[in-house]
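Reading the structure
So the chains spell out like this:
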Amino acid sequence: MNLVRIALDVPLPRSFDYRLTAPAAATTGRLAWAPFGSGNKIGVVLGEVERSDQPAEKLKSAELIDGLPALPADWIELCRFCARYYHHPLGQVMAFALPPLLRKGKLPRALKPKVFGFAESLASLGTATTWRPAPFGRVGAGETAEGRRASNMETVETAPSSNVATADQSAAIAAIGNASGFRTFLLHGVTGSGKTEVYLRAIAAVLARGGQALMLVPEIALTPQLESRVSARFPRKNVVSAHSGVADAARARAFLSALDGSADIVLGTRLSVFMPLPRLALIVVDEEHDASFKQQDGLRYSARDVAIYRAHQRGIPIVLGSATPSLETFHHAESGRYTKLELPERAVAAAELPSVATVDTRKQKLQDGLSAELIAAVGERLRRGEQSLLFLNRRGYAPVLACPACGWISHCRRCAANLVLHLADRRLRCHHCGLEMAIPHACPDCGNLDLQPFGRGTQRLEERLAALFPEARILRIDRDSADSPKKWQALLAAIHAGEADILVGTQMLAKGHDFPKLTLVGVVGADAALFAADFRAPERLFAQLMQVGGRSGRHDLPGEVLIQTEYPDHPLYRALRDHDYAAFAQAQLAEREVAGFPPFTFQAMLRAEAPELKQALDFLHAAVERAPAFAEVLRYDPVPMRLARLKNRERAQLLVESRSRPALQGFLTAWMETLYGLRTPRELRWHLDVDPLEF
Ligand code: ADP
Ligand code: ZN
Ligand code: ZN
């Protein structure tokens, strides 16, 4: 009877041995059900063992799941790397890396009949030929307006080729194509410089040689255009998408078609970095700086970093693309560790980068947050029949409702945060925990009837613009107005059809969109991020403004960006005006080096949460006391988190840091062993976050 070691989906940092209910020839990489505690858990067989360290009479029996091919050795090794590096139980890494259906031990319906072999059953599904990625479901590329547009364009392109690659693009494509073995490229190109073209051509070269390509994008739900563009570009290839918007069965099929090699391109969000790809030959990470590549719960991995490990593991090139690379990536490119490829100009000859100017708001009276200059610029666009976008990264009407008589403010009783005023549906709402209530008629403390909104969100800006420009068609785009994929698609379609004159929106509008008539971007209320406690806030602000500004002037009409600020001389705004990312990045890196921040140090955060703050802090203090002595590792004091209370749980954290990554990892490995052995109150939860992005 086979004796196997299984990585089970349980929160313990070890694997367990089982007998198999029935003998099997090859077991490594197979999924199995195994009894654990009072129930059954899913797991992945790591291999056979000669003798177990568990007593023979205690060994229970596990059952292999039929109908699924074994996961390959390199997939298992990738999961082992994540378990080691992020100090997360291997069985849980593997469970996470599987699509939800397989994680439950189920197969997509059409795979169930066992009369077929695995490959045949996939073919019977038509996966290899008919399934095309679509933003939310199975809409074929040609079935949407963008799809039709893209198809027409691409047909022309891929047949005699209407787009001749620019010299910069050609150089980048050649460099990627000539790379032999592992190499990390930074494709640093301004918005609209044709980065996507470079990815697609590099992918085409790889497919022509029989390879598979993996393309990671930040939030696929926001970029249906890209999905259509990729599948229209490769009409005879099998392009599959993997993101949380894809239904469970389709996601499982995508995983299986990647695994059996019938998928040529996998396009997806961070979770797709775990797709098994036997012929993987190229990885692309688009918008590599985007924070959504880092998962903020469970397995707190960075898909970009895991992708780099994977490229190294497979000995293949990886392309990190961005207009505003993360400072980590830029630093590596400067030091020569990554190869820098630059696209300094827009690809379309007529398209220029927008002119960027600041509006000094210290010198003028604002009308509900809007300067005379910005109002005039919007009016000018209206007269010319062009579109304006006003960017304010705060949804709702106002961030807080307050009583001027007694000082009461609307706060969330479950979080250390204020309830945001939403006038559109007359609610107060917590953006952290979702708690909501009707707007009170009078102050709950003193009865004053005159409650006042303070500050400004997108709804208030929309209201103001409607009063200023009664004839204009205004569309607000934020997570409230686009709270379903359907509504979001409808809004995008309306913008494309020219049915809006003024767009008011949050960062939802910043990424990837191409609106031909958009010529003005106004930035309202961005200053707060200049002085935020988080040392990454300026980096994020710069990327965001560069990105949102890049929406304008992408075609033949010149674009203009107006940034309202009280600090027009701030180096960040100066670098934006000059389109000088490098100057900004170098200044930031110099500051970080002096302050000892990443990328000059490596960090990990131990966080704890409990009903009482003291419980969380006590745990962290106990954790520090038991920390192994490591000369090169610095430990800070436990402190409450900035959002100290969330959903009635008090949260605290403890930072550890080192100039040496191996030293930090050595420390963490030893430390985790003691922490797993600590007795903690039942209601306390803790986790480790390696390379944390949030403070
Ligand atoms: P990015 O990904 O850098 O934002 P895209 O690849 O989306 O840029 O290209 C921006 C626009 O320029 C698109 O409309 C694209 O079709 C066009 N484009 C890209 N490369 C070329 C080229 N070599 N010649 C003409 N147009 C191009
Ligand atoms: Zn009051
Ligand atoms: Zn709350």
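See the structure above.
First, a word on what this report is: a plain description of the structure on this page. (Residues numbered from 1 in each chain as written. Chains lettered and ligands numbered in written order. Predicted model: local features only at pLDDT ≥ 70, side-chain atom pairs only at ≥ 80, totals over all residues. Heavy atoms only, no water.)

1. Considering the sheet that holds strand β9 (residues 265-268)
Strand order in the open sheet made by the seven strands is β8-β9-β7-β10-β11-β6-β12, with parallel pairing throughout. If you trace the sheet from one side to the other, it starts and ends with β8 (239-242) and β12 (339-343), each paired once. For this sheet, the mean angle separating the axes of adjacent strands, direction not counted, is 20 degrees. Note that strand β6 (residues 183-189) and strand β11 (residues 317-322) share six bridges and pair parallel. Bridged to Thr184 within β11 is Ile318. (Pairing = 2+ DSSP bridges. Helix = DSSP H or I, 4+ residues; strand = E, 2+ residues; numbered from the N terminus. Axes fitted to C-alpha atoms, helices over the stretch in contact; angles between N-to-C directions.)

2. As for the packing of helix α15 (residues 537-549) against helix α17 (residues 581-595)
Direction vectors running N to C along α15 and α17 enclose 170 degrees, while the axes themselves pass 11 Å from each other. With respect to each other, α15 and α17 are oriented roughly antiparallel. Side by side, α15 and α17 meet where Pro538, Glu539, Phe542 and Met546 of the first sit next to Tyr581, Phe584, Gln588 and Arg592 of the second. Partitioning the contact of α15 with α17 into residue classes produces five nonpolar, one polar and two charged. (Parallel < 35°, antiparallel > 145°, perpendicular 65-115°, else oblique. Contact = heavy atoms within 4.5 Å. Nonpolar A, V, L, I, M, F, W, Y, C, P; charged D, E, K, R; others polar.)

3. Let's talk about the pairing of strand β27 (residues 649-658)
Of all 10 residues in β27, 10 are buried; the element is thus mostly enclosed. Of the two faces of β27, the one carrying Arg649, Arg651, Gln653, Leu655 and Glu657 and the one carrying Glu650, Ala652, Leu654, Val656 and Ser658 are both buried. Across nine bridges, the pairing between strand β24 (residues 602-610) and β27 is antiparallel. Residue pairing across strands places Leu606 opposite Leu654, the latter belonging to β27. Two strands pair when backbone bridges link them, and strand β25 (residues 633-635) and β27 are joined in this way by three bridges, in the antiparallel orientation. Counterpart to Arg635 in the pairing with β27 is Val656. Bridge count between strand β26 (residues 639-646) and β27: four bridges; the pairing is antiparallel. Looking across to β27, one finds that Pro640 is bridged to Ala652. As consecutive antiparallel partners, β26 and β27 are separated by two residues, and within that stretch Lys647 has a phi angle of approximately 50 degrees, a positive value. (Buried < 20%, exposed > 50% of the residue type's maximum accessible area, 1.4 Å probe, protein only.)

4. A few points about the coordination of the zinc ion (ligand 3)
Only Cys412 (SG), Cys415 (SG), Cys430 (SG) and Cys433 (SG) from the protein coordinate the zinc ion (ligand 3), and they sit 2.3 to 2.4 Å from it. Each of the four donor atoms around the zinc ion (ligand 3) contributes to a set of angles spanning 105 to 116 degrees, which defines the coordination as tetrahedral. Mapped onto the polypeptide sequence, the residues donating to the zinc ion (ligand 3) form the spacing pattern C-x2-C-x14-C-x2-C. Within this pair, whereas Cys415 is found in the loop between β15 (400-402) and β16 (420-422), its partner Cys433 is found in the loop between β17 (427-429) and β18 (436-438), the two being separated by 18 residues in sequence. Each member of the pair, Cys415 together with Cys433, is buried. (Donors = N, O, S within 2.8 Å, 3.2 Å for Na, K, Ca; no water. Tetrahedral: all angles 85-135°; square planar, octahedral: opposite > 155°, others 65-115°.)

5. Focus: the site of ligand 1
The full set close to ligand 1 counts 16 residues, and Val164, Gln169, Gly194, Lys195 and Thr196 are the nearest of them. Within the side chain of Gln169, an N or O atom sits 2.8 Å from a nitrogen atom of ligand 1. At a separation of 2.9 Å, an oxygen atom of ligand 1 approaches a polar backbone atom of Lys195. Taking 560 Å² as the accessible area of ligand 1 by itself, protein coverage stands at 84%. (Near = heavy atom within 4 Å. Polar contact = N/O pair within 3.5 Å; in protein donor to acceptor, adjacent residues only side chain to side chain. Areas by Shrake-Rupley, 256 points an atom, 1.4 Å probe, with all protein chains shown as cover.)

6. Examining the packing of aromatic side chains
Tallying each qualifying case throughout the model produces 16 aromatic pairs. Measuring from ring centre to ring centre gives 5.7 Å for Phe81 and Tyr85, while their planes differ by 20 degrees; the resulting arrangement is stacked. Placement of the pair is Phe81 and Tyr85 together in helix α1 (residues 73-86), with a separation of four residues, close to one helical turn. The exposure class of Tyr85 is buried, given its relative accessible area of 11%. Taking the centre distance of 4.9 Å and the plane angle of 85 degrees together, the rings of Tyr85 and Tyr86 count as edge-to-face. When sorted by exposure, Tyr85 lands in the same class as Tyr86, which is buried. Clustering of aromatic rings is evident, with ring pairs tying together Phe81, Tyr85, Tyr86 and Tyr309. (Phe/Tyr/Trp six-rings, centres within 6.5 Å; stacked < 30°, edge-to-face > 60°.)

7. Section: the environment of His441
As for its placement among the helices and strands, His441 is situated in the loop between β18 and β19 (452-454). Along the chain, His441 and Val359 lie 82 residues apart, while their C-alpha atoms are 38 Å from each other.

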